[in-house]
Amino acid sequence: MSRFPDKFMIGASTAAHQVEGNNIHSDYWAMEHLKHTNFNEPSLNAVDHYNRYEEDIRLMAEAGLNTYRFSIEWARIEPEEGKFDEAEIEHYRKVLKCCRGNGVEPVVTMMHFTSPVWLIQKGGWESEATVKYFARYCAYVAEKLGDLMYYVITINEANMGLQVAAIAERYKRQMMAKRKEGKNKKDKDMEGTAQIGMNFNRMLKNMFWQRFENKKVFGTNKPQNFVSARTPEGDILVMRAHQAARDAMKKVDPKLLIGLSLSLHDIQAVDGGEEVAKHEWEEEFVHYLPYIKDDDFFGLQNYTRSLIGADGICPVPKGAETTQMDYEFYPQALEHVIRRVHDEFTNAGKKDMPIMVTENGIATEDDTRRVAFIDEATKGVAACIADYIPVIGYCHWSLMDNFEWQKGFSMKFGLIAVDRATMKRMPKKSLYVLGQL
């Protein structure tokens, strides 16, 4: 049932904080344990991937997957400013060796949303100093582990902060309008517009008390975590951090192939929404082109489409199938986004920019729908390849059911189920279907 050419990278993705457990020096760990937290539950030992990575990688390889995209946790490597933990570097060396030993190509992400607490205390992702701090950390990892790495993503979904800012602003406007109308019900439509598990209703409710708790933990009422609502200046600072990290790693190890990933929707205009949709795409992708044109590849992440009318984003069409995350079930989105991204690169004189799908998936308890989603999405990828678009890989989100940020453990994205009481791994049919591709 092979669908892809030889040497095509077919695999699955995870993020350190979501699977490893006990990431105690990270900002997310701190936020999960606030009294007035936005999280449904804390990550705790997550799914214990930190200790069980050998089993998890073996299950991937046995199913036929040849690629594993995972992240190295900055808060483990540098738990205190300037103090690097050699034992943690050795841990990730073992993970990389395990991949190689099982015939699995590692795709390493240097920063997947979580940061050390000390970085946030120093201004976080709106501070100029973060550019040099991030480059220093990335160079250190390249020096220590570069011999086992090849594909590297500096920053996961580098545009997430700007997306969150836009969503939060829309959300506040909608909630204010509903209150004026005497309506106080939660708005699930907005919950499903961010390609990350966030509880916008709870965030608004907790804002007052969190100011005091944040001051105690982070030294500021408004900590700038990576997924905080980003200013336009902070948005470009993230791009500069990417460039600085890329150049620093290349200086240490020129063989590394380095890019970043962006969260992209299949933006479709409806009901006179052409100009608004064009602006949305500019914000989501086009304005980043100057900062990524010298990368070695591009990491594309997509889960669904966004319908855009004259007044902005529209609700999911009535009667449409939705996922646990309130996304529309729309696997065709991936092909549409790949083609659009390729067109943009072509127009920018980078026609041959390799595209790696670094995340694409569905949160559902019904694995038959996951199988259907994978089938349709990967048909679209194959069609792009047949049209000579340089797609080099597809990494499904996610390898296993895990901690979906503020949503906790309720969202089932995984190809492998995990009994968190025993940590027993239970591969789903979807894992083997993906491996056969």
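Structure: above.
Residues numbered from 1 in each chain as written. Predicted model: local features only at pLDDT ≥ 70, side-chain atom pairs only at ≥ 80, totals over all residues. Heavy atoms only, no water.

### Things to note about the overall build of the protein chain
Logical step 1: Scanning the protein chain from terminus to terminus reveals 16 helices and 14 strands.
Logical step 2: In summary, the protein chain has a C-alpha radius of gyration of 20 Å against a globular reference of 22 Å for 437 residues, a match within 12%.
Logical step 3: Buried positions account for 60% of the 437 residues belonging to the protein chain.
Logical step 4: Partitioning the contacts of the protein chain with sequence separation of at least 6, the portion at a separation of at least 24 is 79%.
Logical step 5: Only carbon and sulfur atoms are counted for the fraction: they give 50% of the accessible area of the protein chain, which is about 17,300 Å².
Logical step 6: Each charge sign in the protein chain was given a centre, from 56 positive and 63 negative side chains, and these centres are 4 Å apart. (Helix = DSSP H or I, 4+ residues; strand = E, 2+ residues; numbered from the N terminus. Rg over C-alpha atoms; globule rule 2.2 N^0.38 Å. Buried < 20%, exposed > 50% of the residue type's maximum accessible area, 1.4 Å probe, protein only. Contact = heavy atoms within 4.5 Å. Areas by Shrake-Rupley, 256 points an atom, 1.4 Å probe, with all protein chains shown as cover. Lys, Arg positive; Asp, Glu negative; His and termini not counted. Charge placed at Lys NZ, Arg CZ, Asp CG, Glu CD.)

### A look at the packing of aromatic side chains
Logical step 1: Following the criterion strictly, the structure yields 25 aromatic pairs and no others.
Logical step 2: Taking 5.5 Å as the distance between ring centres and 50 degrees as the angle between the ring planes, the aromatic pair formed by W74 and F134 counts as tilted. Remark: F134 occurs in helix α7 (residues 129-145) and W74 occurs in helix α4 (residues 74-77); sequence separation between them is 60 residues.
Logical step 3: Positioned over the ring face of F226 is R230, at 5.1 Å from the centre of the ring.
Logical step 4: Here R369 stacks its cationic end above the ring of F329, 4.4 Å away from the centre of that ring. (Phe/Tyr/Trp six-rings, centres within 6.5 Å; stacked < 30°, edge-to-face > 60°. Lys NZ or Arg CZ within 6 Å of the ring centre and 35° of its normal.)

### Re the side chain of T323
Logical step 1: You can see T323 is positioned in the loop between β10 (312-313) and α14 (333-347).
Logical step 2: Given the relative accessible area of 11%, T323 is considered buried.
Logical step 3: If sequence neighbours within four positions are ignored, T323 has contacts with I362 and A363.

### Focus on the nonpolar core
Logical step 1: Of all hydrophobic cores here, the largest spans 120 residues; its most connected members are W125, F134, F285, F298, I338 and V341.
Logical step 2: Among the elements that take part in this core, α7 stands out by supplying nine residues, more than any other.
Logical step 3: Once residues within four sequence positions are removed from consideration, V341 is found in contact with L264, W281, F285, F298, L300 and I355.
Logical step 4: Among the nonpolar cores identified, the runner-up in size contains six residues, and V107, I153, F297 and M356 belong to it. (Core = buried A, V, L, I, M, F, W, Y, C linked by side-chain atoms within 4.5 Å.)

### Section: empty space enclosed by the protein
Picture a little ball the size of a water molecule; that probe, rolled over the atoms, points out where space is still empty.
Logical step 1: Tallying each qualifying case throughout the model produces two cavities of 30 Å³ or more.
Logical step 2: In this structure, the second largest cavity occupies an estimated 60 Å³ of space.
Logical step 3: Of all the secondary-structure elements, those providing two or more residues to the lining of the second largest cavity are α1 (16-19), α3 (49-63), β2 (67-71) and α5 (86-101).
Logical step 4: When its residues are assigned to classes, the lining of the second largest cavity shows nine nonpolar, four polar and one charged. (1 Å grid on protein atoms, 1.4 Å probe; cavity = no way out; pocket = protein on both sides within 12 Å on 5 of 7 lines; lining within 4 Å. Points joined across faces, edges and corners; volume = space filled by probe spheres on them. Nonpolar A, V, L, I, M, F, W, Y, C, P; charged D, E, K, R; others polar.)

### Some words on the pairing of strand β9 (residues 305-309)
Logical step 1: Within β9, five of the five residues are buried, which leaves it mostly tucked inside the rest of the structure.
Logical step 2: Of the two faces of β9, both are covered, the one formed by R305, L307 and G309 as well as the one formed by S306 and I308.
Logical step 3: Sheet topology places strand β7 (residues 266-269) next to β9; four bridges connect them, and they run parallel. If you follow I267 over to β9, its bridge partner there is S306.
Logical step 4: Summarising the sheet, β9 and β10 pair through two bridges and their orientation is antiparallel. Residue pairing for β10: I308 is matched across the bridge by I313.
Logical step 5: Hairpin connection, β9 to β10: the antiparallel pair is bridged by two residues. (Pairing = 2+ DSSP bridges.)

### Overview of the sheet that holds strand β11 (residues 355-359)
Think of a sheet as strands paired side by side through backbone hydrogen bonds, with each pair either parallel or antiparallel.
Logical step 1: With parallel pairing, nine strands are arranged side by side in an open sheet as β5-β4-β3-β2-β1-β12-β11-β8-β6. The outermost strands of the open sheet, each flanked by one partner alone, are β5 (257-259) and β6 (261-263). Taken pair by pair, the neighbouring strands of this sheet meet at an average axis angle of 25 degrees, ignoring direction.
Logical step 2: Inspection of the sheet shows strand β4 (residues 151-155) paired to β5 by three bridges, in the parallel sense. Among the inter-strand pairings, I153 is bridged to a residue of β5, identified as G259.
Logical step 3: Along the sheet face, α7 touches β3 (105-111) and β4 and points at about 155 degrees away from the line of β3. (Axes fitted to C-alpha atoms, helices over the stretch in contact; angles between N-to-C directions.)

### A few points about helix α11 (residues 232-252)
Logical step 1: If you check α11, its first and last C-alpha atoms are 31 Å apart, about what 21 residues at 1.5 Å a residue would give, namely 30 Å.
Logical step 2: For α11, the set of buried residues is G234, D235, L237, V238, M239, A241, H242, A245, R246 and M249. (Expected span 1.5 Å × (residues − 1).)

### Description of α14
Logical step 1: Counted at 1.5 Å a residue, the expected span for α14 with its 15 residues is 21 Å, and the 21 Å between its end C-alpha atoms agrees.
Logical step 2: The positive-phi residue at the C-terminal boundary of α14 is G349, with phi of around 80 degrees.

### So, the pairing of strand β1 (residues 9-13)
Successive side chains on a regular strand alternate, one facing one side of the sheet and the next facing the other.
Logical step 1: Of all five residues in β1, five are buried, a share of seventy percent or more.
Logical step 2: Where β1 and strand β12 (residues 391-397) come together, five bridges link them in parallel fashion. Note on β12: the bridge partner recorded for G11 is C395.
Logical step 3: With three bridges joining them, β1 and β2 adopt parallel strand pairing. Bridged to S13 within β2 is R69.

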